[in-house]
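# Architecture and fold: a report
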Amino acid sequence: MTAYIVRRMLQMPVVILMVTFALFIIMHLLPGDPIYAMIGESEASLDPEVIAELRAELGLDDPVLVQYLDWASDLVRGDLGRSFRDRSVVTGAITDRMPVTLQLGLLSLMVAICVGVPAGTIAAVKRNSPVDAFVTLFAMFGVAVPNFWFSMMLIWVFVVELRWLPASGFVGVWSDPLEAARHMALPVTALGLTLSGSIMRYTRSSVLEVLNQDYVRTARAKGLSQRTVIIRHALRNSLLPVATIIGLQLGSLLAGSIIIESMFALPGIGRLAIQSINGRDYPMLQGVVLLFTVTVLLVNLVTDISYAILDPRIRYS
(Lines give C-alpha, C1' and ligand atoms only; values in the text may rest on other atoms or scores of the structure.)
Protein backbone atom coordinates (compact mmCIF):
# COMPACT_ATOMS: atom_id res chain seq x y z
CA MET A 1 0.00 0.00 0.00
CA THR A 2 2.83 2.42 0.83
CA ALA A 3 4.49 1.84 -2.54
CA TYR A 4 1.13 2.38 -4.27
CA ILE A 5 0.55 5.69 -2.47
CA VAL A 6 4.08 6.90 -3.30
CA ARG A 7 3.58 5.94 -6.95
CA ARG A 8 0.31 7.86 -7.12
CA MET A 9 1.84 10.90 -5.46
CA LEU A 10 4.65 10.93 -8.00
CA GLN A 11 2.11 10.87 -10.83
CA MET A 12 0.25 13.92 -9.54
CA PRO A 13 2.72 16.61 -10.71
CA VAL A 14 2.54 15.25 -14.26
CA VAL A 15 -1.27 15.39 -14.26
CA ILE A 16 -1.23 18.88 -12.76
CA LEU A 17 1.13 20.16 -15.47
CA MET A 18 -0.99 18.62 -18.22
CA VAL A 19 -4.25 20.11 -16.88
CA THR A 20 -2.84 23.57 -16.22
CA PHE A 21 -1.09 23.70 -19.60
CA ALA A 22 -4.30 22.72 -21.42
CA LEU A 23 -6.21 25.41 -19.53
CA PHE A 24 -3.50 27.97 -20.25
CA ILE A 25 -3.82 27.34 -23.99
CA ILE A 26 -7.63 27.43 -23.88
CA MET A 27 -7.66 30.72 -21.95
CA HIS A 28 -5.47 32.41 -24.56
CA LEU A 29 -7.77 31.17 -27.33
CA LEU A 30 -10.83 32.81 -25.76
CA PRO A 31 -12.00 36.09 -27.29
CA GLY A 32 -11.28 39.25 -25.35
CA ASP A 33 -8.21 41.01 -24.01
CA PRO A 34 -7.29 40.92 -20.30
CA ILE A 35 -5.95 44.49 -20.59
CA TYR A 36 -9.33 45.92 -21.59
CA ALA A 37 -11.13 43.67 -19.13
CA MET A 38 -8.84 44.96 -16.39
CA ILE A 39 -9.11 48.66 -17.22
CA GLY A 40 -12.74 48.58 -18.27
CA GLU A 41 -12.50 51.20 -21.01
CA SER A 42 -13.12 51.07 -24.74
CA GLU A 43 -10.18 50.46 -27.03
CA ALA A 44 -10.49 53.91 -28.63
CA SER A 45 -10.06 55.78 -25.34
CA LEU A 46 -6.86 54.00 -24.28
CA ASP A 47 -3.40 55.32 -24.95
CA PRO A 48 -1.47 52.73 -27.02
CA GLU A 49 1.66 53.44 -25.02
CA VAL A 50 -0.17 52.66 -21.77
CA ILE A 51 -1.45 49.42 -23.27
CA ALA A 52 2.06 48.46 -24.39
CA GLU A 53 3.47 49.17 -20.94
CA LEU A 54 0.77 47.09 -19.26
CA ARG A 55 1.36 44.20 -21.65
CA ALA A 56 5.08 44.28 -20.97
CA GLU A 57 4.50 44.48 -17.21
CA LEU A 58 2.11 41.51 -17.20
CA GLY A 59 4.23 39.49 -19.65
CA LEU A 60 1.43 39.25 -22.23
CA ASP A 61 3.80 40.09 -25.07
CA ASP A 62 5.69 36.83 -24.59
CA PRO A 63 4.71 33.66 -26.47
CA VAL A 64 2.13 31.49 -24.70
CA LEU A 65 4.67 28.75 -24.00
CA VAL A 66 7.06 31.24 -22.39
CA GLN A 67 4.23 32.63 -20.27
CA TYR A 68 3.32 29.15 -19.09
CA LEU A 69 6.93 28.23 -18.29
CA ASP A 70 7.25 31.45 -16.28
CA TRP A 71 4.08 30.57 -14.36
CA ALA A 72 5.23 26.98 -13.78
CA SER A 73 8.65 28.11 -12.53
CA ASP A 74 6.97 30.47 -10.07
CA LEU A 75 4.67 27.62 -9.01
CA VAL A 76 7.65 25.47 -8.06
CA ARG A 77 8.71 28.26 -5.70
CA GLY A 78 5.20 28.44 -4.24
CA ASP A 79 4.27 31.67 -6.03
CA LEU A 80 0.98 31.72 -7.97
CA GLY A 81 1.44 35.30 -9.08
CA ARG A 82 -0.82 38.33 -8.80
CA SER A 83 -4.28 38.98 -10.15
CA PHE A 84 -4.54 41.00 -13.36
CA ARG A 85 -7.71 42.64 -12.08
CA ASP A 86 -6.74 44.09 -8.68
CA ARG A 87 -3.06 43.01 -8.34
CA SER A 88 -3.89 40.96 -5.24
CA VAL A 89 -1.82 37.89 -4.41
CA VAL A 90 -3.51 34.81 -5.87
CA THR A 91 -2.62 32.59 -2.93
CA GLY A 92 -4.07 35.08 -0.47
CA ALA A 93 -7.30 35.55 -2.45
CA ILE A 94 -7.87 31.78 -2.67
CA THR A 95 -7.05 31.29 1.02
CA ASP A 96 -9.53 34.00 2.04
CA ARG A 97 -12.33 32.35 0.06
CA MET A 98 -11.47 28.77 0.97
CA PRO A 99 -13.60 28.57 4.18
CA VAL A 100 -16.77 29.44 2.24
CA THR A 101 -16.29 26.74 -0.38
CA LEU A 102 -15.15 24.19 2.21
CA GLN A 103 -18.22 24.83 4.34
CA LEU A 104 -20.54 24.58 1.36
CA GLY A 105 -18.85 21.47 -0.06
CA LEU A 106 -18.53 19.49 3.18
CA LEU A 107 -22.07 20.24 4.33
CA SER A 108 -23.50 19.41 0.89
CA LEU A 109 -21.57 16.14 0.77
CA MET A 110 -22.82 15.25 4.25
CA VAL A 111 -26.40 15.93 3.18
CA ALA A 112 -25.93 13.87 0.00
CA ILE A 113 -24.51 10.89 1.93
CA CYS A 114 -26.94 11.09 4.87
CA VAL A 115 -29.90 11.23 2.47
CA GLY A 116 -28.65 9.02 -0.36
CA VAL A 117 -27.25 6.00 1.51
CA PRO A 118 -30.20 5.40 3.93
CA ALA A 119 -32.79 6.12 1.23
CA GLY A 120 -31.11 3.78 -1.25
CA THR A 121 -30.83 1.04 1.40
CA ILE A 122 -34.49 1.36 2.38
CA ALA A 123 -35.53 1.26 -1.28
CA ALA A 124 -33.55 -1.96 -1.79
CA VAL A 125 -35.01 -3.62 1.30
CA LYS A 126 -38.56 -2.60 0.30
CA ARG A 127 -38.13 -3.39 -3.36
CA ASN A 128 -41.14 -2.75 -5.64
CA SER A 129 -43.03 -1.03 -2.81
CA PRO A 130 -44.40 2.53 -2.82
CA VAL A 131 -41.35 3.55 -0.78
CA ASP A 132 -39.08 2.16 -3.49
CA ALA A 133 -41.02 4.02 -6.17
CA PHE A 134 -40.81 7.29 -4.24
CA VAL A 135 -37.05 6.95 -3.65
CA THR A 136 -36.47 6.09 -7.32
CA LEU A 137 -38.51 9.12 -8.41
CA PHE A 138 -36.60 11.35 -6.00
CA ALA A 139 -33.29 9.96 -7.27
CA MET A 140 -34.24 10.68 -10.87
CA PHE A 141 -35.25 14.18 -9.82
CA GLY A 142 -31.83 14.75 -8.26
CA VAL A 143 -30.01 13.46 -11.34
CA ALA A 144 -32.11 15.29 -13.93
CA VAL A 145 -32.81 18.69 -12.34
CA PRO A 146 -30.17 21.40 -12.92
CA ASN A 147 -28.70 23.08 -9.85
CA PHE A 148 -29.59 26.58 -10.98
CA TRP A 149 -33.28 25.73 -11.53
CA PHE A 150 -33.59 23.99 -8.17
CA SER A 151 -31.87 26.97 -6.52
CA MET A 152 -34.35 29.38 -8.10
CA MET A 153 -37.28 27.27 -6.89
CA LEU A 154 -35.89 27.24 -3.35
CA ILE A 155 -35.39 31.01 -3.44
CA TRP A 156 -38.92 31.53 -4.74
CA VAL A 157 -40.49 29.35 -2.02
CA PHE A 158 -38.40 30.08 1.08
CA VAL A 159 -37.30 33.66 0.35
CA VAL A 160 -39.98 35.30 -1.80
CA GLU A 161 -43.13 33.52 -0.60
CA LEU A 162 -42.42 32.36 2.96
CA ARG A 163 -39.66 34.90 3.82
CA TRP A 164 -38.00 32.37 6.13
CA LEU A 165 -34.41 32.47 4.86
CA PRO A 166 -32.03 35.01 3.30
CA ALA A 167 -31.39 34.77 -0.42
CA SER A 168 -27.69 35.66 -0.38
CA GLY A 169 -24.68 36.43 1.77
CA PHE A 170 -22.38 34.48 4.03
CA VAL A 171 -21.79 34.44 7.80
CA GLY A 172 -18.92 32.55 9.39
CA VAL A 173 -19.96 29.60 11.51
CA TRP A 174 -17.71 30.70 14.37
CA SER A 175 -19.01 34.27 14.47
CA ASP A 176 -22.74 33.47 14.54
CA PRO A 177 -23.71 29.76 14.18
CA LEU A 178 -27.45 30.47 13.87
CA GLU A 179 -27.08 33.07 11.12
CA ALA A 180 -24.49 30.87 9.41
CA ALA A 181 -27.01 28.01 9.33
CA ARG A 182 -29.74 30.30 7.94
CA HIS A 183 -27.49 31.59 5.16
CA MET A 184 -26.18 28.13 4.21
CA ALA A 185 -29.50 26.27 4.42
CA LEU A 186 -30.63 26.93 0.85
CA PRO A 187 -27.22 26.51 -0.89
CA VAL A 188 -26.49 23.27 0.97
CA THR A 189 -29.98 21.93 0.26
CA ALA A 190 -29.77 22.79 -3.43
CA LEU A 191 -26.37 21.18 -3.90
CA GLY A 192 -26.73 18.29 -1.44
CA LEU A 193 -30.10 17.00 -2.63
CA THR A 194 -29.12 17.07 -6.30
CA LEU A 195 -25.95 15.12 -5.50
CA SER A 196 -27.86 12.57 -3.41
CA GLY A 197 -29.74 11.24 -6.44
CA SER A 198 -26.79 9.32 -7.88
CA ILE A 199 -25.83 8.01 -4.43
CA MET A 200 -29.38 6.70 -3.94
CA ARG A 201 -29.35 4.84 -7.25
CA TYR A 202 -25.96 3.21 -6.70
CA THR A 203 -26.74 2.32 -3.09
CA ARG A 204 -30.02 0.68 -4.06
CA SER A 205 -28.44 -1.35 -6.87
CA SER A 206 -25.49 -2.43 -4.75
CA VAL A 207 -27.59 -3.44 -1.74
CA LEU A 208 -30.01 -5.37 -3.98
CA GLU A 209 -27.08 -7.33 -5.41
CA VAL A 210 -25.69 -8.12 -1.97
CA LEU A 211 -29.07 -9.18 -0.56
CA ASN A 212 -29.07 -12.12 -2.99
CA GLN A 213 -25.69 -13.43 -1.79
CA ASP A 214 -25.36 -16.70 0.13
CA TYR A 215 -23.80 -15.13 3.22
CA VAL A 216 -26.82 -12.86 3.67
CA ARG A 217 -29.19 -15.82 3.49
CA THR A 218 -26.94 -17.65 5.96
CA ALA A 219 -27.06 -14.70 8.36
CA ARG A 220 -30.84 -14.73 8.21
CA ALA A 221 -30.93 -18.50 8.69
CA LYS A 222 -28.84 -18.07 11.86
CA GLY A 223 -31.66 -16.01 13.32
CA LEU A 224 -30.04 -12.59 13.17
CA SER A 225 -32.39 -9.63 13.21
CA GLN A 226 -33.26 -7.84 9.98
CA ARG A 227 -31.49 -4.71 11.24
CA THR A 228 -28.26 -6.63 11.91
CA VAL A 229 -28.39 -8.40 8.56
CA ILE A 230 -28.89 -5.17 6.65
CA ILE A 231 -26.35 -3.01 8.48
CA ARG A 232 -23.56 -5.47 9.33
CA HIS A 233 -23.74 -7.78 6.33
CA ALA A 234 -25.58 -6.21 3.40
CA LEU A 235 -24.77 -2.51 3.66
CA ARG A 236 -21.16 -2.94 4.72
CA ASN A 237 -20.38 -5.22 1.80
CA SER A 238 -22.16 -2.98 -0.71
CA LEU A 239 -20.19 0.17 0.10
CA LEU A 240 -17.46 -0.27 -2.53
CA PRO A 241 -19.56 1.00 -5.46
CA VAL A 242 -21.02 3.69 -3.19
CA ALA A 243 -17.54 4.86 -2.19
CA THR A 244 -16.65 5.04 -5.88
CA ILE A 245 -19.62 7.21 -6.79
CA ILE A 246 -19.03 9.47 -3.78
CA GLY A 247 -15.44 10.00 -4.93
CA LEU A 248 -16.59 10.70 -8.48
CA GLN A 249 -19.21 13.11 -7.19
CA LEU A 250 -16.45 15.50 -6.19
CA GLY A 251 -16.30 16.77 -9.78
CA SER A 252 -20.02 17.50 -9.66
CA LEU A 253 -19.54 19.06 -6.24
CA LEU A 254 -16.88 21.47 -7.51
CA ALA A 255 -18.87 22.32 -10.65
CA GLY A 256 -22.02 22.72 -8.57
CA SER A 257 -20.25 25.02 -6.12
CA ILE A 258 -19.49 27.42 -8.99
CA ILE A 259 -23.19 27.62 -9.88
CA ILE A 260 -24.49 27.69 -6.31
CA GLU A 261 -22.03 30.34 -5.15
CA SER A 262 -23.07 32.53 -8.06
CA MET A 263 -26.79 31.98 -7.41
CA PHE A 264 -26.57 32.79 -3.69
CA ALA A 265 -23.77 35.40 -3.89
CA LEU A 266 -21.41 33.37 -1.71
CA PRO A 267 -17.84 34.74 -1.67
CA GLY A 268 -16.24 31.39 -2.37
CA ILE A 269 -13.73 29.97 -4.81
CA GLY A 270 -16.41 29.02 -7.34
CA ARG A 271 -17.60 32.61 -7.61
CA LEU A 272 -13.97 33.70 -7.84
CA ALA A 273 -13.55 31.39 -10.83
CA ILE A 274 -16.52 33.00 -12.61
CA GLN A 275 -15.15 36.48 -11.93
CA SER A 276 -11.73 35.41 -13.22
CA ILE A 277 -13.20 34.05 -16.45
CA ASN A 278 -15.25 37.19 -17.06
CA GLY A 279 -12.25 39.41 -16.35
CA ARG A 280 -9.73 37.29 -18.31
CA ASP A 281 -7.75 37.07 -15.06
CA TYR A 282 -5.31 34.34 -16.13
CA PRO A 283 -3.25 34.02 -12.89
CA MET A 284 -6.31 33.83 -10.64
CA LEU A 285 -8.06 31.27 -12.84
CA GLN A 286 -4.88 29.18 -13.03
CA GLY A 287 -4.69 29.18 -9.24
CA VAL A 288 -8.32 28.10 -8.88
CA VAL A 289 -7.94 25.30 -11.44
CA LEU A 290 -4.73 24.16 -9.74
CA LEU A 291 -6.59 23.90 -6.43
CA PHE A 292 -9.48 21.98 -8.02
CA THR A 293 -7.08 19.61 -9.79
CA VAL A 294 -5.11 18.82 -6.63
CA THR A 295 -8.37 18.30 -4.71
CA VAL A 296 -9.73 15.84 -7.28
CA LEU A 297 -6.45 13.89 -7.38
CA LEU A 298 -6.25 13.63 -3.59
CA VAL A 299 -9.89 12.56 -3.26
CA ASN A 300 -9.42 9.89 -5.94
CA LEU A 301 -6.39 8.60 -4.03
CA VAL A 302 -8.34 8.51 -0.76
CA THR A 303 -11.19 6.71 -2.57
CA ASP A 304 -8.81 4.03 -3.87
CA ILE A 305 -7.30 3.57 -0.40
CA SER A 306 -10.77 3.23 1.10
CA TYR A 307 -11.35 0.15 -1.07
CA ALA A 308 -8.73 -1.75 0.91
CA ILE A 309 -10.29 -0.55 4.17
CA LEU A 310 -13.83 -1.54 3.18
CA ASP A 311 -12.77 -4.86 1.64
CA PRO A 312 -9.62 -6.46 3.21
CA ARG A 313 -9.36 -8.81 0.22
CA ILE A 314 -8.28 -5.89 -1.99
CA ARG A 315 -4.53 -5.39 -2.15
CA TYR A 316 -2.50 -3.02 -4.31
CA SER A 317 0.68 -4.49 -5.71
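Going by the structure above, here's the rest.
Residues numbered from 1 in each chain as written. Predicted model: local features only at pLDDT ≥ 70, side-chain atom pairs only at ≥ 80, totals over all residues. Heavy atoms only, no water.

### Points about the pattern of salt bridges
Throughout the structure, instances matching the rule amount to four salt bridges. With a closest N to O distance of 2.8 Å, arginine 204 and aspartate 132 form a salt bridge. Of this pair, arginine 204 sits in helix H8 (residues 177-211) while aspartate 132 sits in helix H6 (residues 130-144), placing them 72 residues apart in sequence. With relative accessibility at 4%, the residue aspartate 132 sits in the buried group. Note that aspartate 214 is salt-bridged to arginine 217, the shortest N-O span being 2.3 Å. Separated by three residues within a single helix, aspartate 214 and arginine 217 lie in helix H9 (residues 214-221), roughly one turn from each other. Judged by its relative accessible area of 53%, aspartate 214 is exposed. (Salt bridge = Lys/Arg side-chain N within 4 Å of Asp/Glu carboxyl O. Helix = DSSP H or I, 4+ residues; strand = E, 2+ residues; numbered from the N terminus. Buried < 20%, exposed > 50% of the residue type's maximum accessible area, 1.4 Å probe, protein only.)

### Let's talk about a nonpolar patch on the surface
A cluster of nonpolar side chains, Phe21, Ile25, Leu29, Leu65 and Leu69, forms an exposed patch at the surface whose accessible area comes to about 470 Å². Those elements that provide at least two residues to the nonpolar patch are helix H1 (2-29) and helix H4 (64-76). Per-element accounting of the nonpolar patch gives the leading share, three residues, to H1. Within the secondary structure, isoleucine 25 is located in helix H1. By relative accessible area, which is 31% here, isoleucine 25 ends up partly exposed. (Patch = residues over 30% accessible without salt bridge, like charges linked within 9 Å, V, L, I, M, F, W, Y side chains within 5 Å. Areas by Shrake-Rupley, 256 points an atom, 1.4 Å probe, with all protein chains shown as cover.)

### Section: helix H7 (residues 147-161)
Here H7 is 15 residues long and its end C-alpha atoms lie 20 Å apart, about the 21 Å a rise of 1.5 Å per residue gives. Largest kink in H7: about 25°, centred on isoleucine 155. Buried within H7 we find Asn147, Phe150, Ser151, Leu154, Ile155 and Val159. Those residues of H7 hidden inside the fold are in contact with H6, H8 and helix H11 (239-263). Of the residues trailing H7, arginine 163 is marked for its positive phi of about 55°. (Expected span 1.5 Å × (residues − 1). Bend = angle between axes of the 7 residues up to and from the residue. Contact = heavy atoms within 4.5 Å.)

### What to know about the nonpolar core
Counting residues in each nonpolar core, the largest one holds 67 residues, and the members touching the most others are Leu104, Ile199 and Val288. With 11 residues, H8 is the single largest residue contributor to this core. Once residues within four sequence positions are removed from consideration, isoleucine 199 is found in contact with Ala112, Ile113, Gly116, Val117, Val242, Ile245, Ile246 and Gln249. By size, the runner-up hydrophobic cluster in this structure holds five residues, among which are Ala119, Ala123, Val135 and Ala139. (Core = buried A, V, L, I, M, F, W, Y, C linked by side-chain atoms within 4.5 Å.)

### A look at helix H10 (residues 226-237)
For H10, which comprises 12 residues, the first-to-last C-alpha distance of 15 Å matches the rise-based estimate of 16 Å (1.5 Å per residue) to within 8%. Listed as buried for H10 are Val229, Ile230, Ala234 and Leu235. The arc that holds every buried residue of H10, seen down its axis, measures 130°, which confines them to one face. In H10, the exposed positions that point more than 90 degrees away from the buried face belong to Arg232 and Arg236. Contact partners of the buried residues in H10: helix H5 (90-125), H8, H9 and H11. (Arc of directions from axis to C-beta.)

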